[in-house]
Amino acid sequence: PAHADVIPVTFTLASQYGSAGDALTYAGTLLNTGSAVYINGAGINIDPPFDPSSYDLEDYFLVFAPLTQMADGDSTSPFQFFTLTIPLGTPDGTYNGTLFVQGGEFQFESDDTLGSAPFTVQVGPEVASVPEPGTCLLLGTMLAGLGMVRRLHRRRRQ
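Each chain carries its own residue numbering, running from 1 in the written order of its sequence. In view of the model being predicted, local features appear only for residues whose pLDDT reaches at least 70, and side-chain atom pairs are presented and counted only at 80 or more, with totals across whole chains, interfaces and linings using the full set of residues. Computation of side-chain values: all heavy atoms of the structure, hydrogens and water removed.

**Student:** Looking at this structure, I do not really get the sheet that holds strand 1 (residues 9–11). What am I missing?
**Tutor:** Strand pairing within a sheet occurs via backbone hydrogen bonds; the two strands may be parallel or antiparallel. The four strands lie next to each other as 1-3-6-5, forming an open sheet whose pairing is antiparallel. Each end of this open sheet is capped by a strand with a single partner; those strands are strand 1 and strand 5 (55–56). What makes two strands pair is DSSP finding at least two bridges between them. Each helix is a run of H or I in the DSSP string that is no shorter than four residues. Each strand is a run of E no shorter than two, and both are numbered from the N terminus. With six bridges connecting them, strand 3 (residues 23–30) and strand 6 (residues 79–85) associate as antiparallel partners. The partner of A27 across the bridge, within strand 6, is Q80.

**Student:** Just to check I follow, could you spell out the confidence of the model for the protein for this structure?
**Tutor:** Mean pLDDT for the protein: 87, with 82% of residues reaching 70 or above. When pLDDT is averaged over each helix and strand of the protein, the minimum, 68, is found for helix 2 (residues 133–157) and the maximum, 97, for strand 3. The quantity known as pLDDT measures the predictor's confidence residue by residue, on a range of 0 to 100.

**Student:** Quick question: what am I supposed to make of the sheet that holds strand 7 (residues 93–104) here?
**Tutor:** Read across the sheet, four strands follow the order 2-8-7-4 without closing on themselves; strand pairing throughout is mixed. Single-partner strands in this sheet number two, and they are strand 2 (15–18) and strand 4 (38–46). Averaged over all neighbouring strand pairs, the angle between strand axes comes to 25°, with direction disregarded. Where strand 2 and strand 8 (residues 112–123) come together, four bridges link them in parallel fashion. A fitted line through C-alpha atoms represents every axis, and for helices the fit uses only the stretch in contact; the resulting angles, taken between N-to-C directions, go from 0 to 180 degrees.

**Student:** Looking at this model, I keep getting lost on the packing of aromatic side chains. Mind explaining?
**Tutor:** Between two aromatic rings, the relevant description is the distance of the centres plus the angle of the planes. Only Phe, Tyr and Trp rings are paired, with Trp represented by its six-membered ring, and only when their centres lie within 6.5 Å; those with planes under 30 degrees apart are stacked, over 60 edge-to-face, the remainder tilted. On inspection of all chains with the given rule, the structure shows 11 aromatic pairs. On the basis of an interplanar angle of 15° and a centroid distance of 5.0 Å, the ring pair of Y26 and F82 is categorised as stacked. Taken together, the positions of Y26 in strand 3 and F82 in strand 6 put the pair 56 residues apart, joining distant regions of the chain. The same class applies to Y26 and to F82, which are both buried. What links up through ring pairs into an aromatic cluster is the set F11, Y26, F61, F79, F81, F82 and F119. Throughout, exposure labels follow a simple rule: accessible area from a 1.4 Å probe, protein chains only, divided by the maximum for the residue type, with under 20% read as buried, over 50% as exposed, and the rest as partly exposed.

**Student:** Explanation requested: unusual backbone geometry in the structure shown.
**Tutor:** Leaving glycine aside, a negative phi is the common case for residues, and trans is the common case for peptide bonds. Residue P48 is joined to P49 through a cis peptide bond whose omega torsion reads 15°. If you trace the backbone, P49 turns up in the loop between strand 4 and strand 5.

**Student:** In this structure, what is going on with the nonpolar core? I would like to understand it.
**Tutor:** Considering soluble globular proteins, one finds that nonpolar side chains tend to be buried as a cluster. Ranked by size, the top nonpolar core spans 31 residues in total, and within it F61, F82 and V121 carry the most contacts. The element best represented in this core is strand 8, accounting for five residues. Note on definitions: a residue-residue contact is assigned when non-hydrogen atoms from the two residues lie within 4.5 Å. Not counting the four nearest positions on each side in its chain, F82 is found in contact with F11, L24, T25, Y26, I44, Y55, D56, L57, Y60, L99 and F119. For this analysis, a nonpolar core means a set of buried residues of the types Ala, Val, Leu, Ile, Met, Phe, Trp, Tyr and Cys, connected via side-chain atoms within 4.5 Å.

**Student:** What am I meant to see in the pairing of strand 8 here?
**Tutor:** One face of the sheet, then the other: side chains in a regular strand alternate in exactly this way. The pairing of strand 7 with strand 8 spans 11 bridges and is antiparallel. Directly across from V101, in strand 8, lies its bridge partner G115.

Shown next as C-alpha cells:
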C-alpha cells in the first residue's frame, strides 16, 4: 500500500508574489522514492479568501502528470501543477497553501496521499521596479553623448 511522502513534490518557485487579479503559475517535479505507483489526482488546501474557484488543477496537473505507473526512482520533467488567481479584494499579506499528490497501487482507483509540498502567495500592491545598474549606465552614457553633441553644435554656430 502507498503511504505519504512516497512522491516528494518539488516546486520550481514555491513562494510567489502578485496583486489582486493576477494569475500565478506553480510548476515543479515529482520523484518516486518508493514502490511503483500511479498518480491519480491532486488537491490543494489554501488559506481564505482562496477557494477551489481560485485555482485550476484540471487543466494543468491532471493533464501533465504521468499517466503511466511511476517506478521507484522515476522522476518527471518540470511541468505546470496549477494556476492560482488572486481574488479581487484580497487583503495584502502572505497566504499559505499545500499541494497534495494522490494515487496509489492501482490506476484511477486509489486516492491515497502520496506526497505534499507547501507553497505561499504573497499579495501586495505593485511595486515600481528599480532599474538594473546596466540600464542606468546606458541611460547615463546616452545623456552624456547628447550633451556632447549639443555642445559641439553650439561651438559650430559661433
